[in-house]
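# Analysis of the macromolecular model
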Amino acid sequence: MALRGLAGSGPGSRGPLDEAVAANKEREAPAVVVAGATPEDDEEDEGRSRGLLRWDGFSAWLHCVCVVGFDLELGQAVEVIYPQHSRLTDKEKTNICYLSFPDSNSGCLGDTQFCFRFRQSSGRRVSLHCLLDQFDKDLPVYLKKDPAYFYGYVYFRQVRDKTLKRGYFQKSLVLISKLPYIHFFHTVLKQIAPEYFEKNEPYLEAACNDVDRWPAPVPGKTLYLPIMGVVMKVRIPTCHDKPGTTQIVQLTQQGDAHISVILPTVHEVDLFRCFCPVFLHSQMLWELVLLGEPLVVMAPSPSESSETVLALVNCISPLKYFSDFRPYFTIHDSEFKEYTTRTQAPPSVILGVTNPFFAKTLQHWPHIIRIGDLKPAGEIPKQVKVKKLKNLKTLDSKPGVYTSYKPYLNRDEDIIKQLQKGVQQKRPSEAQSVILRRYFLELTQSFIIPLERYVASLMPLQKSISPWKSPPQLRQFLPEEFMKTLEKTGPQLTSRIKGDWIGLYRHFLKSPNFDGWFKTRRKEMTQKLEALHLEALCEEDLLLWTQKHTEVETVDLVLKLKNKLLQADREHLPVKPDTMEKLRTHIDAIILALPEDLQGILLKTSMT
């Protein structure tokens, strides 16, 4: 069973759709794993002894599944954690408890879905999913895992129940994952949560066993994922996809009658529905997110707050939002004091809140979006106004964008007219979202292309790379030098929007988003230089070199070449496979030319 999800049943293996369908046929009715079949203590020990083997397929997608209920004496409490060997610290459990229930003022009756994000406890051992890290490198930067955070995907049910003391049944099924695949996990919960509330733990165990059979989340592959009698067909984007094109999984003739759910996206939210109340100000909000400004979304429920925060983070795609963001944040959150203190300037973070208490606590924040109930697709709420912060009263303030921020760029009236026309013509929300997403994409690309062009010029020339010297360094990023390039090759080449682009760049260069973006680009370019250096080494006649140098120098060269190979493997350097093979051949040839005693030592080091 070892590495089943990662190797044996990957999408490249024989007949993934057939396997998915076969798995479903095994459970004509949803299979129930009898809880008493294995004694609990034995199962826990077995889980530990199996370690990363039994649950590898599951761990590739989820950290664990939690059930959070309401106890009259304790309040919110984690009732079930599955698999049983999953580790959560007490602090993490507390965060999950409070974040899995809406605030009491939200009045969420029936079923509610939302998402939260919380900080991983320090000192937690990072899981050894080397193969998953390899998949991570093929993802677009905005979908890469953040090792410091977990996502929680919630399906909360609150219904009247006279048999309970409290008068209500209140429970949340929560998926905890490192993966930011919002739409995908919400879809999974829609499939399993309603039935779980009827059938309880055996049903949950059976669903987790299904997840454990899934192929790994490999970017760019079409994946067939069976869960409790349903087969989902998905595709995870790759960094090589053209930005802005959603690679919709197309229906194919062969066997697709078995597919129950086809997901066109794993991570995107309904952008237009979230921006609908504020679309007149969408360009200003894009600037605030781009610049990493402190931003609060005050919403009536966790669904609205989490969707709006995620839409804001998504609006600067394909640029990654590098600061912290909390789709749903409560007064019980472990970072509450840190984020609401008045002793220092508000941090660069986007918070989604529902508790009216925050209207008072976060009054000093510079940008506050207050939204009402999000309307169903096809309806348009009254457009909120931009108001000065002094107008924000504690509890009875109307929806609006409360800020003193003056945008750098002039408002693009064309996009507003286009969206307004769509509303009048009852254009579907999905189509409106496509228009808005394309607009944000073009705006972000117009902004980032001049930076990309300048950073590319910092790369040393290939002819300066010598196999016998360390790879050359990148030139330093000089803000004023970059500013001078904007006159001829600025955003005016690709964008019709006028305004103070220079001022926007100056502000951006001081932001966490620039810092994160530049660190990522610098790392990629440094790795490219290392790869070019390896290729230069491979082109040399290394055996001839050793004939002109001492044994000590030759041994030193072998050790350095081996380190280069290890580095290329560890850091996933962009090296061609034949380059690596050539280097191994060079190393073997050099070792064989050495005396036997040295050969034995060097061959031993290559074994370890």
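Parameters and conventions
Residues numbered from 1 in each chain as written. Predicted model: local features only at pLDDT ≥ 70, side-chain atom pairs only at ≥ 80, totals over all residues. Heavy atoms only, no water. Helix = DSSP H or I, 4+ residues; strand = E, 2+ residues; numbered from the N terminus. Buried < 20%, exposed > 50% of the residue type's maximum accessible area, 1.4 Å probe, protein only. Contact = heavy atoms within 4.5 Å. Areas by Shrake-Rupley, 256 points an atom, 1.4 Å probe, with all protein chains shown as cover. Core = buried A, V, L, I, M, F, W, Y, C linked by side-chain atoms within 4.5 Å. Pairing = 2+ DSSP bridges. Axes fitted to C-alpha atoms, helices over the stretch in contact; angles between N-to-C directions. Salt bridge = Lys/Arg side-chain N within 4 Å of Asp/Glu carboxyl O. Polar contact = N/O pair within 3.5 Å; in protein donor to acceptor, adjacent residues only side chain to side chain.

### Overview of the overall build of the protein chain
- Of the regular secondary structure elements, the protein chain holds 22 helices and 14 strands.
- Counting only residues that meet the buried cut, the protein chain has 52% of its 608 residues in that class.
- Taking the contacts inside the protein chain whose residues are at least 6 apart along the sequence as the reference set, 73% of them involve residues at least 24 apart.
- Carbon and sulfur atoms make up 53% of the accessible area of the protein chain, which amounts to about 29700 Å² in all.

### Side note on the nonpolar core
- The biggest cluster of nonpolar side chains holds 110 residues, and the ones touching the most others in it are Trp61, Phe184 and Leu451.
- No other element matches the 10 residues that helix H15 (residues 429–456) contributes to this core.
- Filtering out sequence-adjacent residues up to four positions away, tryptophan 61 remains in contact with Ser177, Leu179, Phe184, Phe185, Val211, Trp214, Pro215, Ala216, Pro217, Leu223, Leu225 and Ile236.
- In this structure, Ala531, Leu534, Leu542 and Ile587 belong to the second largest nonpolar core, which totals 22 residues.

### A word on the sheet that holds strand S8 (residues 261–262)
- On the basis of which strands lie adjacent, the open sheet formed by 3 strands has the order S6-S7-S8 and mixed pairing. Each edge of the open sheet carries a strand with a single partner, namely strand S6 (222–227) and S8.
- Relative to strand S7 (residues 230–235), S6 runs antiparallel, the two being bridged by 6 bridges. Looking at the pairing, threonine 222 lines up with arginine 235 of S7.
- The strands touched by helix H7 (residues 182–199) are S6, S7 and S8; relative to S7, the strand with the most contacts, the crossing angle is about 175°.

### Notes on the pattern of salt bridges
- One pass over the full model with this rule turns up 27 salt bridges.
- Arginine 117 is paired through a salt bridge with aspartate 146; the nearest N and O atoms lie 3.5 Å apart. With a gap of 29 residues between them, arginine 117 in strand S3 (residues 110–119) and aspartate 146 in the loop between helix H6 (130–137) and strand S4 (149–160) connect regions that are remote in the sequence.
- Residue aspartate 146 is classed as partly exposed on the basis of its relative accessible area, which comes to 27%.
- What emerges from the salt-bridge pattern is a single network uniting Arg117, Arg119, Asp146, Asp324, Arg326, Asp333, Glu335 and Glu338.

### Observations regarding the side chain of serine 121
- Its place among the elements puts serine 121 in the loop between S3 and H6.
- Side chain to side chain, serine 121 and threonine 89 meet in a polar contact 2.7 Å long.
- If we ignore the near neighbours within four places in the chain, the residues touching serine 121 are Thr89, Lys91 and Glu92.

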